[in-house]
Amino acid sequence: MRFEEHRPHLRAVAYRMLGSLAEADDAIQETWLRLSGSDDRRIDNLGGWLTTVVSRVCLDMLRARKRRGEEPWEHRLPDPVISREDGADPEQQALLADSVGLALLVVLESLSPAERLAFVLHDLFGLSFEEIAPVVDRTPATTKKLASRARLRVRGAAPPPDPDRSGRRRVVDAFLTAARGGDFDALLALLDPDVVLRADGGALNGGLRTIRGAAAVAGQLDTFQRMATAATTHAALVNGSAGLVNTLDGQPLSVMSFTVTGGRIAAIDILSDPQRLARLDLTSAQN
């Protein structure tokens, strides 16, 4: 079916829009239902049509979150995407073709739905503002302003990671060594002065905690050491960058994502919510 050819792209769009793998799949299902109710033989550019539809579906879902008055998504970490260290999983690589890290997704959660859609479609997928404007029901000029505001927020809060993947892995390995050895000075030397630690243990464990600054993050050394010595640590790619999957007796304990900028760790994102970990596919990281 022609739809299946576009599924990886649509899932990538929906994941960046929603930060949730389950909701991204729901958006794709809704897009398929809308296509099945149309005559696709009359659609000249099926890929463009599907991108527009899934974007509108995601926009509606983002707006519905606010109407329901549920816990704001900026108070929890987005779903991480786990893949093998060698990056050999083609489905995951399609989902993370431009390595959208958790730090960037966290910032996207703070944008308005229209800002997020304009930024994602233009900056991450290269659509023109003329193509995006009808989706957000704005003029192209206003849509450009939406993306510009979003871009300023992103640049200020989500530093771009170093391009050298092996270099990022060396920094994460050094972090793990310092944690296991309880070496405060070595850990501190690895941290950017403005490093941000976000730890999401789920609603039953206090929700999302944020710690800022190298000294404060290094002050969590005891917690890092307990994790590094008690758990089995698996190197993995988390949203396309060097990360760790920690298990205890074969059960997932936490997923750690690191943003490395200028050779130092600028952000650490830790998901330890047992309910959400249970829904993630961590098999590739444990092989």
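Just above sits the structure.
Keep in mind that what you see is a predicted model, and the values were worked out from it rather than measured.

Criteria and thresholds
- Residues numbered from 1 in each chain as written.
- Predicted model: local features only at pLDDT ≥ 70, side-chain atom pairs only at ≥ 80, totals over all residues.
- Heavy atoms only, no water.
- Pairing = 2+ DSSP bridges.
- Helix = DSSP H or I, 4+ residues; strand = E, 2+ residues; numbered from the N terminus.
- Phe/Tyr/Trp six-rings, centres within 6.5 Å; stacked < 30°, edge-to-face > 60°.
- Buried < 20%, exposed > 50% of the residue type's maximum accessible area, 1.4 Å probe, protein only.
- Axes fitted to C-alpha atoms, helices over the stretch in contact; angles between N-to-C directions.
- Parallel < 35°, antiparallel > 145°, perpendicular 65-115°, else oblique.
- Contact = heavy atoms within 4.5 Å.
- Nonpolar A, V, L, I, M, F, W, Y, C, P; charged D, E, K, R; others polar.
- Core = buried A, V, L, I, M, F, W, Y, C linked by side-chain atoms within 4.5 Å.
- Expected span 1.5 Å × (residues − 1).
- Arc of directions from axis to C-beta.
- Polar contact = N/O pair within 3.5 Å; in protein donor to acceptor, adjacent residues only side chain to side chain.
- Salt bridge = Lys/Arg side-chain N within 4 Å of Asp/Glu carboxyl O.

Asks: Would you take a moment to explain the pairing of strand S6 (residues 251-261) for this structure?
Replies: Each regular strand displays side chains that alternate between the two surfaces of the sheet. Note: strand S5 (residues 241-248) against S6, six bridges, orientation antiparallel. Bridge assignment links Thr247 to a residue of S6, and that residue is Pro252. Here S5 folds back onto S6, and the loop between the two strands holds two residues, one of which, Asp249, carries a positive phi near 55°. By the bridge criterion, seven bridges tie S6 to strand S7 (residues 264-271) in an arrangement that is antiparallel. Each residue of the ladder has a partner; that of Thr261, found in S7, is Arg264. Here S6 folds back onto S7 in antiparallel fashion, the turn holding two residues, of which Gly262 has a positive phi close to 65°.

Asks: Please clarify how the packing of aromatic side chains should be interpreted in this entry.
Replies: Two numbers describe a pair of aromatic rings. These are the distance of the centres and the angle of the planes. For the structure shown, the criterion picks out two aromatic pairs. With a centroid separation of 5.1 Å and 70° between ring planes, the pair formed by Phe175 and Phe224 is classed as edge-to-face. Here the residue Phe175 occupies a position in helix H9 (residues 165-181), and Phe224 occupies one in helix H12 (residues 221-230), the gap between them amounting to 49 residues. Classification of Phe175 by relative accessible area gives buried; the value is 0%. Relative accessible area serves as the criterion here: at 4%, Phe224 is assigned to the buried category. Taken together, a centroid distance of 5.0 Å and an interplanar angle of 65° make the contact between Phe175 and Phe258 edge-to-face. Of the two residues, Phe175 sits in helix H9 while Phe258 sits in strand S6, which places them 83 residues apart along the sequence. In textbook terms, an aromatic cluster arises when at least three aromatic residues are bridged by ring pairs, as seen for Phe175, Phe224 and Phe258.

Asks: When you look at the packing of helix H6 (residues 113-124) against helix H8 (residues 140-157) in this model, what are you seeing that I'm missing?
Replies: Packing of H6 against H8 leaves a shortest axis separation of 8 Å and a crossing angle of 90°. In terms of orientation, H6 and H8 fall into the roughly perpendicular class. Along its contact with H6, which presents Ala114, Glu115, Ala118, Phe119, His122 and Asp123, the element H8 presents Thr143, Leu146, Ala147, Arg149, Ala150, Arg151, Arg153 and Val154. Looking at the contact of H6 with H8 residue by residue, the classes come out as seven nonpolar, two polar and five charged.

Asks: Is there a simple way to explain the nonpolar core in this structure?
Replies: Buried together is how nonpolar side chains tend to be arranged in soluble globular proteins. Among the nonpolar cores identified, the biggest contains 56 residues, and Met17, Ala27, Leu108 and Leu117 are the most heavily contacted of them. Elements supplying a minimum of two residues to this core: helix H1 (2-18), helix H2 (21-36), helix H3 (46-68), helix H5 (102-109), H6, helix H7 (129-136), H8 and strand S4 (232-238). Tallying contributions element by element places H3 first for this core, with nine residues. Among residues more than four places away in sequence, those in contact with Met17 are Cys58, Leu59, Leu62, Arg116, Leu117 and Val120. Ranked by size, the runner-up nonpolar core spans 28 residues in total, among them Ala178, Leu197, Ala199 and Ala242.

Asks: Any chance you could explain H2 here in plain terms?
Replies: Side chains of residues three or four places apart in an α-helix project in the same direction, reflecting 3.6 residues per turn. If you check H2, its first and last C-alpha atoms are 23 Å apart, about what 16 residues at 1.5 Å a residue would give, namely 22 Å. Those residues of H2 that fall on the buried side of the exposure criterion are Leu21, Glu23, Ala24, Ala27, Ile28, Thr31 and Leu35. The buried residues of H2 occupy an angular sector of 160° when projected down its axis, which confines them to one face. N-capping of H2 is provided by Ser20, with a side-chain oxygen placed 3.1 Å from the backbone N of Glu23.

Asks: Would you mind showing me how to read the side chain of Arg116 here?
Replies: One can find Arg116 in helix H6. Side-chain polar atoms of Arg116 contact the backbone oxygen of Arg16, separated by 2.9 Å. Looking at Arg116, its side chain comes within polar contact range of the main-chain oxygen of Met17, at 2.8 Å. Discounting residues that sit within four places of it in the chain, Arg116 has contacts with Tyr15, Arg16, Met17, Leu18, Gly19, Leu62, Leu105, Leu108, Glu109 and Leu111.

Asks: Please clarify how the pattern of salt bridges should be interpreted in this entry.
Replies: One side chain can pair with another of opposite charge once the charged atoms of both are near each other. In this structure the tally under the stated criterion is twelve salt bridges. Note that Glu30 and Arg34 form a salt bridge whose closest N and O atoms lie 3.0 Å from each other. Taken together, the residues span about one helical turn, with Glu30 and Arg34 both in helix H2 at a distance of four residues. In this structure Glu30 comes out as partly exposed when scored by relative accessible area, which is 30%.

Asks: I'm lost on H8 in this one. Help?
Replies: The end-to-end C-alpha distance of H8 is 26 Å, a good match for the 26 Å that 18 residues give at a rise of 1.5 Å each. Among all positions of H8, only Thr143, Leu146, Ala147, Ala150, Arg151 and Val154 are buried. With its buried residues spanning 135° around the axis, H8 presents them on a single face. Seen from the buried face of H8, the exposed residues on the opposite side, beyond 90 degrees, are Ala141, Lys144, Lys145, Leu152, Arg155 and Gly156. Tucked inside the fold, the buried residues of H8 contact H5, H6 and H7.

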